[in-house]
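Here are the chains, one letter per residue:
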Amino acid sequence: MVEYKTPGEIDAMHGAGQVVARILAAVRARAVPGVRLSELDETARDVLAEARATSPFLGYHPPFAKSPFPSAICASVNDAALHDIPSRYRLADGDLLSVDCGATLDGWAADAAISVQVGRERPADARLIATATEALRAGIAAATPGGRLGDICAAIGAAGRAGGYGICTDFGGHGIGHAMHEDPHIPNIGRPGRGPRLIPGLVIAIEPWFLGGGTDAYRIDSNGWTIRSTDGSRAAHVEHTVAITDAGPRVLTCPV
Ligand code: MG
Ligand code: MG
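Residues numbered from 1 in each chain as written. Chains lettered and ligands numbered in written order. Predicted model: local features only at pLDDT ≥ 70, side-chain atom pairs only at ≥ 80, totals over all residues. Heavy atoms only, no water.

This part takes up the overall build of the protein chain. The helix and strand tally for the protein chain stands at four helices and 13 strands. Within the protein chain, the proportion of its 256 residues that are buried is 57%. Sequence separation of 24 or more characterises 71% of the internal contacts of the protein chain that already satisfy a separation of 6 or more. Accessible area of the protein chain: about 10300 Å², with a carbon and sulfur share of 55%. (Helix = DSSP H or I, 4+ residues; strand = E, 2+ residues; numbered from the N terminus. Buried < 20%, exposed > 50% of the residue type's maximum accessible area, 1.4 Å probe, protein only. Contact = heavy atoms within 4.5 Å. Areas by Shrake-Rupley, 256 points an atom, 1.4 Å probe, with all protein chains shown as cover.)

Counted under the stated rule, the structure contains six aromatic pairs. Ring centres of Phe57 and Phe69 lie 6.4 Å apart, and the angle between their planes is 80°; on these two criteria the pair is classed as edge-to-face. Of this pair, Phe57 sits in the loop between helix H2 (37-50) and strand S1 (73-77) while Phe69 sits in the loop between H2 and S1; the two residues are 12 residues apart in sequence, bridging distant segments of the chain. Arranged with centres 5.0 Å apart and planes meeting at 75°, the rings of Phe69 and Trp225 form a pair that is edge-to-face. Taken together, the residues span a long stretch of sequence, with Phe69 in the loop between H2 and S1 and Trp225 in the loop between strand S9 (218-220) and strand S10 (227-229) at a distance of 156 residues. In this structure Phe69 comes out as buried when scored by relative accessible area, which is 3%. Note on Trp225: relative accessible area 3%, which makes it buried. An aromatic cluster is defined as three or more aromatic residues linked by ring pairs; in this entry it consists of Phe57, Phe64, Phe69, Phe171, Tyr218 and Trp225. (Phe/Tyr/Trp six-rings, centres within 6.5 Å; stacked < 30°, edge-to-face > 60°.)

Six octahedral donors around a metal ideally make angles of 90 or 180 degrees; four tetrahedral donors ideally make 109.5 degrees. Around the magnesium ion (ligand 2), the donor atoms from the protein are Asp111 (OD), His174 (NE2), Glu207 (OE) and Glu239 (OE), and they sit 2.0 to 2.1 Å away. Counting the intervening residues between successive donors of the magnesium ion (ligand 2) yields the motif D-x62-H-x32-E-x31-E. (Donors = N, O, S within 2.8 Å, 3.2 Å for Na, K, Ca; no water.)

Let us look at unusual backbone geometry. With an omega of 0°, the peptide bond running from Asp183 to Pro184 counts as cis. Unlike most non-glycine residues, His83 shows phi in positive territory, near 70°. Tracing the backbone shows His83 in the loop between strand S2 (80-82) and strand S3 (96-105). If you check the backbone angles, Asp106 has positive phi at about 50° while not being a glycine. As for its position among the elements, Asp106 is in the loop between S3 and strand S4 (108-117).

Right, let's talk about the coordination of the magnesium ion (ligand 1) for a bit. Within the protein, Asp100 (OD), Asp100 (OD), Asp111 (OD) and Glu239 (OE) serve as the donor atoms for the magnesium ion (ligand 1), at 2.0 to 2.6 Å. Counting gaps between the donor residues of the magnesium ion (ligand 1) yields the pattern D-x10-D-x127-E.

In C-alpha cells form, the structure reads like this:
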C-alpha cells in the first residue's frame, strides 16, 4: 500500500535527507587510497550520532537476506554493485566505490547513494558514473504530478541502455517514509505512461545502478548480501530520496 505524506511530513523527511547528504559528503571526502571500508562506516556512524539520527541499514533484515545487515553503509567496490558489507579492505588507487546509506530522524527515513573514483581516474568508470548520474537526473525530472511511475522507470532505463550498460530489475527504487522500503517498487526499466499515477505526497527513492559489461546478469555472494556482476565488470549506483510535490520533484537528500 502506498502511503502519501503531507507537506509537513515531507519537511520532516528533508531533515533525515540532510543527515544522509552529510554522511555521503563525509564519506566522499575520506574515500582515498589506503582507507579501509570499515573506516568509512565509522565515519557514517559518527555523522549519525552527531545528528542524533539512527541507521535504517544497521540490523535491517529483509526476506532475501540470510542475516541482518551489520553496518550503517553499503560499500561496494568495482564488480560489487550493491549491498556489500564494509570490510577491512583498503581502498586502492583506481577503485570504483559505491556508497549507499540511510538515516532515520524523528521517525522518518531517507536513503541515497553515490559512486566515486578513488585516486587515479579511469575513463570507462567516469563514463559509467556519468551515465548513472544522468539516469538519476532523468528519473527525478520525470517525477512530476500527473505523470506515471513508468515514466521514471523508462527514463532511467533509456539512459542506461543508451550507454550500453546492463540493468537488473530485481533491485531498484522504492517508496520510503517511516520505513526505508515501502511500496511501490520502482524498477530501473519501464514503459512511459504505465503504472500508478504520480500524486503529490508520494516520496520515493530513485536509484539507477548499471553494470559496465553490458549484461544484466548478477550473482550474490555467500554472505547473502553482496550483489556482483557475473562478468567481473564494474558497476555504479546513485540514489536520491525525492518527494513529488505540487511544485514538482523535491530532492530531499541534496546538500543545501
Ligand atoms: Mg540506498
Ligand atoms: Mg534505496
